[in-house]
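# Chain and residue survey
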Amino acid sequence: MDKQCCHKTKERTEKEYKALINRLNRIEGQIRGLRGMVEKDAYCPDILIQVAAVNAALNAFNKELLSNHIKTCVADDIRKGNDDTIDELVEVLKRLMK
């Protein structure tokens, strides 16, 4: 299996794929719920609390994806001597921490 996942594509295990898709489906449902709250003129603080829940769900998605990335792509590239992956990871972390 070609491990150029950190550059263009990533072959995921069925378990990893399902976990990520399940998280995204839940987040999508939360976003639809937010839209419904706005359409029904829900009270602003109630909407804001739900937005915080969506942000937490997105952060959890990022953590899972980042963990998988480090354990597979980054580790494999380092073992192959491709230290450019470390620089790429540092740049991704900088963007995530804004």
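For the structure itself, look to the data block above.
What this report covers is the structure whose coordinates are included nearby. It should be emphasised that the depicted structure is a prediction, and the values quoted were computed from it without experimental measurement. Along each chain, numbering runs from 1 in the same order as the chain's sequence is written. Selection of residues for local features in this predicted model requires a pLDDT of at least 70, selection of side-chain atom pairs for listing and counting requires 80 or more, and totals for whole chains, interfaces and linings are taken over all residues. Water and hydrogen atoms were dropped before computing side-chain values, which therefore reflect all heavy atoms in the structure.

### Considering the pattern of salt bridges
Any Lys or Arg side-chain nitrogen located within 4 Å of an Asp or Glu carboxyl oxygen qualifies as a salt bridge. By the definition in use, this model includes 8 salt bridges. Across the salt bridge formed by Glu 16 and Arg 12, the nearest N and O atoms sit 3.6 Å from each other. Residue classification places Glu 16 among the buried residues on the basis of a relative accessible area of 10%. For Lys 18, the salt bridge is made with Glu 14, and the minimal N-O distance between the two is 3.9 Å. Residue Lys 18 and its partner Glu 14 are both found in helix α1 (residues 14–39); the two are separated by 4 residues, about one turn of the helix. Note on classification: 1.4 Å probe, protein chains only; a residue is buried when its accessible area is under 20% of the maximum for its type, exposed when over 50%, partly exposed between these limits. For Lys 18, a relative accessible area of 48% corresponds to the partly exposed category. Each of the salt bridges in this network shares a partner with another, and the network as a whole consists of Lys 10, Arg 12 and Glu 16. Only runs of H or I of at least four residues qualify as helices and only runs of E of at least two qualify as strands under DSSP, and these elements are numbered from the N terminus.

### Some words on α1
In this model, α1 (26 residues) spans 37 Å end to end at C-alpha, consistent with the 38 Å of a helix rising 1.5 Å per residue. Along α1, the residues that are buried comprise Glu 16, Leu 20, Ile 27, Leu 34, Gly 36 and Met 37. It only takes one pair of heavy atoms within 4.5 Å for two residues to be counted as in contact. Those residues of α1 hidden inside the fold are in contact with α2 (44–79). Phi for Asp 41, located one or two positions after α1, is positive at around 55°. What a helix is expected to span follows from its residue count: subtract one and scale by 1.5 Å.

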